[in-house]
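# Coordinates in review
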Amino acid sequence: MIHPTAIIEPGAQLGENVEIGAYAYIGGEVTLGAGTVIHHHACVEGFTTMGENNEVYPFAVIGGKTQDLKYVGGRVGLKIGDRNTFREYVTIHGGTKDGEFTTLGNDNNILAYSHVAHDCQIGNFLVMSSQAAFAGHVVCGDHVNFGWGTGIHQFARIGDYAMLAAMSRITQDVPPYMIVEGTTDVSAKMVNVVALQRNGFPAEDVKALRLAHRIIYHENLNRTQALEKILADPELAANPHIQKLVDFYRTSKRGVS
């Protein structure tokens, strides 16, 4: 299941039923879990560990050296979970400081020409459309959808179930459950209702999040006043998703879109 033209460096560890295509390259510190497929001309290098049933398409580079100029060497790397897809020309870089890692969870779908930079911490069920890019140290939750060409500033946080519209320029944190859009006037335009419904959120939770969005973005309150008003409503304050939303705002260091 390994093409004769593929290069597998000594030290690489391959699980059962791994497939390596023509002219692919696997570095000596790479571990590939069972059922993983590396297509022709793809590259997996660096101190990279991939779980089971991942798929890397042609010309992707997974585990490349950080582009951060603060890199001075050391054992840095990349940790990837299971069932992730990396399409053509995707680049995922390892960490920057000795002992640190870029991490991706499970069931992520990274589309062509997208980039995940050094030290990012990515959750599960991400859909990252073509030519989207994370700068370094981005923290991204679960079930997030990035539109085509979206750019994320370093150290930004992206909350669970958020959606970022195509070509948005994200310089602040993105709240969970919301659709965010814009290049200069970036803000949460509405609740990501379709995604919440597809993932089984009850109607009362969606209603609560829509009310919270209206209070935060449409009642001419500053953020402190808006959060206080939300928590003053007993039903909203008792909802775990509202609690998560409020906590996200309160713990932001960059501000929230």
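Quick look at the structure, then. As the structure is a computational prediction, the values presented were derived from the model and not from experiment. (Residues numbered from 1 in each chain as written. Predicted model: local features only at pLDDT ≥ 70, side-chain atom pairs only at ≥ 80, totals over all residues. Heavy atoms only, no water.)

### As for the sheet that holds strand E15 (residues 109-110)
- A sheet is described by the order of its strands in space; here ten strands give the open sequence E3-E6-E9-E12-E15-E18-E21-E24-E26-E27, paired in mixed fashion. Whereas interior strands pair on both sides, the edge strands pair on one side only; in this sheet they are strand E3 (19-20) and strand E27 (187-191).
- Pairing of strand E24 (residues 163-164) with strand E26 (residues 178-181), which is carried by two bridges, proceeds in the parallel orientation. Across the sheet, the residue bridging to Leu164 is Val180, located in E26.
- Strands in contact with helix H2 (residues 203-218) are E26 and E27; relative to E27, the strand with the most contacts, it is inclined by about 150°. (Pairing = 2+ DSSP bridges. Helix = DSSP H or I, 4+ residues; strand = E, 2+ residues; numbered from the N terminus. Contact = heavy atoms within 4.5 Å. Axes fitted to C-alpha atoms, helices over the stretch in contact; angles between N-to-C directions.)

### Re the sheet that holds strand E11 (residues 77-80)
- One open sheet accounts for eight strands, arranged E2-E5-E8-E11-E14-E17-E20-E23; its pairing is parallel. At either margin of the open sheet sits one strand with a lone partner, and together these are strand E2 (13-14) and strand E23 (157-158).
- Of the pairings in the sheet, the one linking strand E8 (residues 47-50) to E11 comprises four bridges and is parallel in character. When the bridges of E11 are listed, Thr49 appears paired with Lys79.

### Considerations on the side chain of Asp205
- With respect to the secondary-structure elements, Asp205 resides in helix H2.
- One buried charge, Asp205, has no salt-bridge partner; the nearest side chain with opposite charge is Lys207, at 11 Å.
- Look past the residues within four positions of Asp205 in its chain and what remains in contact with it is Asn239 and His241. (Buried < 20%, exposed > 50% of the residue type's maximum accessible area, 1.4 Å probe, protein only. Lys, Arg positive; Asp, Glu negative; His and termini not counted. Salt bridge = Lys/Arg side-chain N within 4 Å of Asp/Glu carboxyl O.)

### Some points on helix H5 (residues 240-250)
- Among the residues of H5, His241, Ile242, Leu245, Val246, Phe248 and Tyr249 are the ones counted as buried. Down the axis, H5 shows its buried residues gathered within 155° of arc, on one side only. Among the exposed residues of H5, those pointing more than 90 degrees away from its buried face are Pro240 and Arg250.
- Buried residues along H5 sit in contact with E23, E26, H2, helix H3 (223-232) and helix H4 (234-238).
- At the N-terminal end of H5, a side-chain oxygen is found 2.8 Å from the backbone nitrogen of His241, two or three residues along, and the residue is Asn239. (Arc of directions from axis to C-beta. Polar contact = N/O pair within 3.5 Å; in protein donor to acceptor, adjacent residues only side chain to side chain.)

### A word on unusual backbone geometry
- The residue Asp107 is not glycine, and still its phi comes out positive at about 60°.
- Mapped onto the elements of the fold, Asp107 is located in the loop between strand E14 (101-104) and E15.
- The partly exposed category is assigned to Asp107, whose relative accessible area is 23%.

### Some remarks on the pairing of E27
- As defined by bridge partners, E26 adjoins E27 across four bridges and the pair is classed as antiparallel. Bridge pairing in E27 places Val180 opposite Ala188.
- The hairpin turn running from E26 into E27, its antiparallel successor, is five residues long, and Gly182 in that turn takes a positive phi close to 140°.

### A word on H3
- Regarding H3, the residues found buried are Ala226, Leu227 and Ile230. Buried residues of H3, viewed axially, fall in a sector of 95°; they line one side. In this structure, H3 carries Thr224 and Ala232 as exposed residues pointing more than 90 degrees from its buried face.
- Against H2, H4 and H5 lie the buried residues of H3.
- Capping of H3 at its N-terminal end is provided by Asn222; its side-chain oxygen lies 3.1 Å from the backbone amide nitrogen of Thr224.

### Here we look at the nonpolar core
- Ranked by internal contacts, the top residues of the largest apolar core, which has 66 residues, are Ile62, Phe86, Phe134, Phe146 and Ile158.
- Within the residue set of this core, elements represented by two or more residues are E11, E26, E27, helix H1 (193-198), H2, H3 and H5.
- Take this core: its biggest share by element is seven residues, from H2.
- With sequence-adjacent residues up to four places away left out, Phe146 is seen in contact with Leu126, Val127, Met128, Ser129, Phe134, Cys140, Ile152, Ile158 and Leu164. (Core = buried A, V, L, I, M, F, W, Y, C linked by side-chain atoms within 4.5 Å.)

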